[in-house]
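# Breakdown of the fold
This is what each chain is made of:
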Amino acid sequence: MDPVTQADQTPAKLPTEPAKSPTDWGKSPPPSPEVRFLRGPQPRGSELLQAFRIFCQYMHGFRKLHFVGPCVTVFGSARFREDQPHYQLARHVGSELVKAGFTVMTGGGPGIMEAANRGAKEAGGYSVGCNIELPTEQKPNPYLDRWVTFEDFSVRKTMLVKYSYAFIAMPGGFGTLDELFGTATLIQCSKIEDFPLILMGKDYWQPLLDFMRERLLEQHTVDAADIDRIQVTDSAEDAVRGIQEIAIQRFGLTYGPRYKPRWYLGE
């Protein structure tokens, strides 16, 4: 099936516990420019240079990702191994997304991110990663057609949201929760469209959903609609089918060729 395009652009028993990270993905401090930037007020010239540095990261991301096509972003932990169920589920999700015509976008690292990119590549689709520069585990996973490495988490999170028509959160830790609730907040505040937001893995996410209903909703810090818009499933097929229907019917996507990037524009 052709990729979807914006309307205006034409039986072995597997382990159940997550793996320990041998590389401590995300545990080390961020690069020194970001550390300095987040230390509070700096000399005016230094802050101007920092602002320009961040601007350059945004422009680099815009040019590299402009023609990746309508994406679905898959969030999830870097700590799951290939022999674990959540890795295999993410791999299946990546494959199903490609069959529906989407580009699969992830954070570009190992674990769940690698699994989703791998499923996309194995199904013959396009696979994209927005990697983050860390002192350890900086290499993008080997299943990416295109990737961009960012210094700042804020820039990276913007790119993971900007190009996607749906978001799938697989089991994960602090980073996944940050991405999940950041996206939910953007939808809640109408900063982005009401795109599908799906949690994969009912058993994993149920305690969080219970907390949201029993604490947040009870204390009126969120509305019922904020929670109800979050879908939960164990079926990759059901998740992708729903995404496909909403993308076409609500947001006007259609099937057709992608435009090609121009090398002289840095794309």
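Located above this text is the structure these notes cover.
Quick notes on the rules
Residues numbered from 1 in each chain as written. Predicted model: local features only at pLDDT ≥ 70, side-chain atom pairs only at ≥ 80, totals over all residues. Heavy atoms only, no water. Patch = residues over 30% accessible without salt bridge, like charges linked within 9 Å, V, L, I, M, F, W, Y side chains within 5 Å. Areas by Shrake-Rupley, 256 points an atom, 1.4 Å probe, with all protein chains shown as cover. Salt bridge = Lys/Arg side-chain N within 4 Å of Asp/Glu carboxyl O. Helix = DSSP H or I, 4+ residues; strand = E, 2+ residues; numbered from the N terminus. Pairing = 2+ DSSP bridges. Axes fitted to C-alpha atoms, helices over the stretch in contact; angles between N-to-C directions. Contact = heavy atoms within 4.5 Å. Buried < 20%, exposed > 50% of the residue type's maximum accessible area, 1.4 Å probe, protein only.

### Comments concerning a nonpolar patch on the surface
Taken together, the side chains of Phe 52, Phe 55 and Met 59 make up a nonpolar region of the molecular surface, amounting to roughly 310 Å² of accessible area. Along the chain, Met 59 falls in helix α2 (residues 44-65).

### Thoughts on the sheet that holds strand β7 (residues 197-200)
Strand order across the open sheet formed by seven strands is β5-β4-β3-β2-β6-β7-β8, with parallel pairing between neighbours. Two strands in the sheet have a free side with no partner beyond their single neighbour: β5 (146-150) and β8 (230-233). Averaged over neighbouring strand pairs, the angle between their axes works out to 20° when direction is ignored. Pairing analysis gives three bridges linking strand β3 (residues 103-106) to strand β4 (residues 127-132), with the strands arranged parallel. Residue pairing across strands places Met 105 opposite Val 128, the latter belonging to β4. Against the sheet, α2 engages β3, β4 and β5, with an angle of about 175° to β5. Lying over the sheet, helix α9 (residues 236-249) contacts β2 (71-75), β6 (164-169), β7 and β8, oriented at roughly 175° with respect to β7.

### Looking at unusual backbone geometry
Even without a glycine there, the phi angle at Ser 190 is positive, about 60°. Here His 220, not a glycine, exhibits a phi torsion of approximately 60°, which is positive. Relative to the helices and strands, His 220 resides in the loop between α7 (202-217) and α8 (224-228). Take His 220: its relative accessible area is 71%, and that puts it in the exposed class.

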